[in-house]
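Here is how the chains run, residue by residue.
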Amino acid sequence: MTGIETTIVTALTNNFIGQMIKSGWEGINKNELLNKDVGQLIKEGKYLFLREYTQRYWDRHGMIKVLKMSKPMDLESIYVNVKCLGNLVRDYYDENLENKYRESKQRRFNFRDDGKKDGLLLANQEQYLMVLGDPGIGKSTFLRKVGLEALKGNKDSYQHSLTPVLLELKNFKENEINIQALIEEEFKICGFPNVEKNISNKLEKGELLILLDGLDEVPTANVYNVIEKIKDFVDRHHKNRFILSCRTAARTHLRQFTDIEIVEFDDQQIQSFIEHWFSSELDRKNETAKNCWELLQKEEYKSAKELAHTPLLLTFLCLVYDENQSFPTNRSRLYQDALRILLEKWSAEKRLPNRGLVYENLSIEQEEILLSEIAYQNFVADKLFLEKREVVKQIKDHLKQNLNAPQHLDGEKVLKTIEIEQGILVERARDVYSFSHLTLQEYLTAQYIYDNDLIEEAVKNYVTETRWQEVFLLVAGLMRGRGKADKLLLAMEKEAQEYAKNAKLSKFLVWVEQATGELKESVKPSAKRSIILFDRLNKGINFTNRYNAIEYSMYNNYIDDTPQFDEPFLQELDKLRQEYVGIDVLYHIHYGHLLISEQMPSEKTVIHIFALIGSITKKILGQLEFDQISAFYEKIILDFYKQSPIGFSSWRTPDWIIFQNYLYVNELMLSCQKVAVNISPTVWQEIEDRMLRIS
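From a predicted model like this one, the values you see are computed outputs, not experimental measurements.

> What should I look at first to understand the sheet that holds strand β3 (residues 83-85) in this one?
Hydrogen bonds along the backbone pair up the strands of a sheet, which may run parallel or antiparallel. The strand order across the open sheet formed by seven strands is β4-β3-β9-β5-β8-β7-β6, and the pairing between neighbours is mixed. Unpaired on one side and paired on the other, β4 (117-118) and β6 (163-168) mark the two borders of the sheet. For β6 and strand β7 (residues 208-213), the ladder comprises six bridges, and the chain directions are parallel. Within β7, the residue paired with E168 across the bridge is D213. Contacts between helix α11 (residues 223-236) and the sheet are confined to β5 (128-133), β7 and β8 (241-247), with β8 contributing the most and set at about 160° to the helix.

> Would you explain the environment of N678 in this entry?
Here N678 lies in the loop between α33 (653-675) and α34 (681-690). Using a relative accessible area of 26% as the deciding quantity, one classes N678 as partly exposed. A C-alpha to C-alpha distance of 9.7 Å links N678 and L478, two positions 200 residues apart in sequence. Discounting chain neighbours no more than four positions away, the residues touching N678 are M479, R480, G481, R482, A485 and D486. A polar contact of 3.2 Å, which involves the side chain of N678, links it to the backbone oxygen of R480.

> Just to check I follow, could you spell out the packing of helix α4 (residues 48-62) against helix α9 (residues 179-189) for this structure?
Any two packed helices are characterised by how steeply their axes cross, that is the angle between the axes, and by the distance between the axes. α9 packs onto α4 with a crossing angle of 110° between their chain directions and a minimal axis gap of 9 Å. In this view, α4 runs roughly perpendicular relative to α9, as classed from their interaxial angle. Residues Y53, R56 and R60 of α4 form the contact with α9, whose own contacting residues are E186, F187 and I189. Here the contact of α4 with α9 is composed, by residue class, of three nonpolar, no polar and three charged.

> Sorry, what's going on with the sheet that holds strand β11 (residues 425-429) here?
The strand order across the open sheet built from three strands is β10-β12-β11, with neighbouring strands paired in antiparallel fashion. This sheet does not close on itself; its edge strands, each paired only once, are β10 (386-387) and β11. Sitting on the sheet, helix α18 (residues 364-380) touches β10, β11 and β12 (432-435), and the angle it makes with β12 is about 105°.

Rules used throughout
- Residues numbered from 1 in each chain as written.
- Predicted model: local features only at pLDDT ≥ 70, side-chain atom pairs only at ≥ 80, totals over all residues.
- Heavy atoms only, no water.
- Pairing = 2+ DSSP bridges.
- Helix = DSSP H or I, 4+ residues; strand = E, 2+ residues; numbered from the N terminus.
- Contact = heavy atoms within 4.5 Å.
- Axes fitted to C-alpha atoms, helices over the stretch in contact; angles between N-to-C directions.
- Buried < 20%, exposed > 50% of the residue type's maximum accessible area, 1.4 Å probe, protein only.
- Polar contact = N/O pair within 3.5 Å; in protein donor to acceptor, adjacent residues only side chain to side chain.
- Parallel < 35°, antiparallel > 145°, perpendicular 65-115°, else oblique.
- Nonpolar A, V, L, I, M, F, W, Y, C, P; charged D, E, K, R; others polar.

This is the structure:
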């Protein structure tokens with residue numbers, strides 16, 4: 001036992017002894033405990049059961065080891081206070097969920113941030129509390145935390161001086177269930193004297209905090225019996241305090257209990273959890289928590305952060321980061337592992353019995369295929385919220401079309417079982433479902449495209465729709481076989497070339513190709529075209545933020561190919577940038593629209609852009625006065641860009657839409673190339689050589 005654990009158990013024991021002295025227990029000499037050193041008495045072999053009970057509670061409920069944790073962590077060190085709602089949103093019908101989601105402009109499906117209260121506060125207020133929540137949201141952890149606070153006797157946290165007893169309802173398998181006998185067994189194991197008489201006495205006085213964890217985990221055949229036993233026990237021992245936990249989808253109305261629902265972590269809770277997780281001396285020295293949190297804020301990990309709102313999946317992300325000090329660039333594997341946690345690992349770790357309702361014949365692999373089909377069909381239809389009858393029909397249709405799927409299963413029961421046991425499909429309002437995370441729907445959609453060889457069809461129909469961006473990136477990450485990712489990139493290139501057939505765009509791309517002669521030979525042709533194209537556009541139009549993002553992303557794919565300039569020259573350019581950035585012409589040369597946008601590039605990037613355009617690479621800038629420098633830049637603009645045969649003022653809206661799509665597809669190709677696992681170097685070189693030009 002570690003020093004910290006010894007300290008915690010000793011503190012729990014001292015408080016527990018105080019409770020026993022106050023309430024009394026036949027077989028314990030109060031005067032001896034009051035007048036002698038308790039530690040010495042225990043050393044002498046007296047009242048060992050008092051320490052044994054706190055040690056046993058701590059060992060079973062104060063330590064956490066889930067998923068791939070190499071060793072258990074104490075709950076106190078990582079616990080983050082949960083927040084709860086008193087009104088369950090799923091109890092109400094809401095036909096505008098889809099619109100609300102679109103208006104929220106966020107990836108999360110949680111629209112309820114009002115009226116949230118601290119879970120411990122509600123546990124203090126309510127004598128009979130039903131704690132609801134989705135799988136992995138922290139219900140069991142919350143019950144254990146309340147029990148520890150009661151055992152500590154900390155009036156600032158849990159205000160009721162009671163003895164906690166936690167019973168896991170998944171063990172209620174027999175028809176004959178005696179809750180009092182199970183409570184007594186907890187004390188008998190620790191060696192308490194006169195257990196039956198003393199427990200009856202404590203129940204009568206109302207001195208127990210009875211924690212009943214996992215009503216949804218009771219074997220299906222015994223659920224009704226267990227509920228009746230609980231109701232009867234609560235009625236007979238109504239002076240005690242009770243907290244019962246259950247997954248929201250499996251909730252049962254118990255008239256004595258107040259229902260609350262644990263909600264997802266918000267950003268502050270996520271950050272606190274990460275700080276608690278990475279709190280070792282080494283982690284603090286290396287700022288591991290700070291680095292992990294900052295990485296989750298980046299655009300490329302916005303989908304991973306969405307998973308972090310569920311505590312179980314946040315634990316998974318912390319384990320991944322702890323192992324690699326980063327998150328994988330190929331996010332497909334990350335989301336695949338997250339999906340598997342919900343599908344099978346969590347239930348396996350909790351040792352839940354197979355209920356025989358769905359999974360007796362429907363394997364995890366078959367269920368994953370079913371979920372991917374539902375995800376794809378609704379993503380294609382741009383539907384994130386699904387009516388229950390539609391989902392049930394999709395399940396039935398899938399089972400009929402699959403020879404090896406069990407035909408006898410009831411579609412509605414399959415849906416309910418998936419919701420209760422895994423929480424992958426969640427009822428958001430009455431008879432309205434969605435995937436628990438948009439990330440999971442995107443991943444399953446990508447899985448369906450890959451499994452059913454729908455790559456060319458998906459690219460042709462959806463490649464320019466930004467909501468499909470993450471799906472295509474995930475498809476690229478799933479393609480591990482030789483030539484698979486090549487097929488995706490070639491399909492995208494084909495679509496880009498279709499847009500390039502536009503008369504005005506093709507004429508412009510020809511000019512871009514010709515204008516690259518102004519740049520140094522050491523720069524790759526594709527990088528030259530990127531530089532010329534985007535800088536020319538800077539002069540001709542005012543881009544929207546979306547254009548800015550596309551330009552910046554594409555340009556940065558080539559920035560590593562920029563030749564190195566000698567240090568004095570770079571210093572001179574940097575000096576000019578700092579001193580004269582307010583002049584309009586310098587805004588243009590310095591990629592001005594990016595400098596004042598949210599996509600601001602680094603100073604190094606600005607210097608490279610500055611140095612690569614036209615004749616600015618001549619080492620004459622340091623010899624010029626300010627007026628001469630200004631005139632020099634103006635001459636470059638007039639001389640260099642008057643060569644362009646394209647007048648952007650003649651472009652119409654359809655031309656700009658085509659050009660926007662052209663840029664977007666090229667940018668997406670570059671992003672997919674980065675995350676793909678297996679790409680032919682020859683194929684990619686050929687694609688890159690044709691990029692931003694008429695081939």
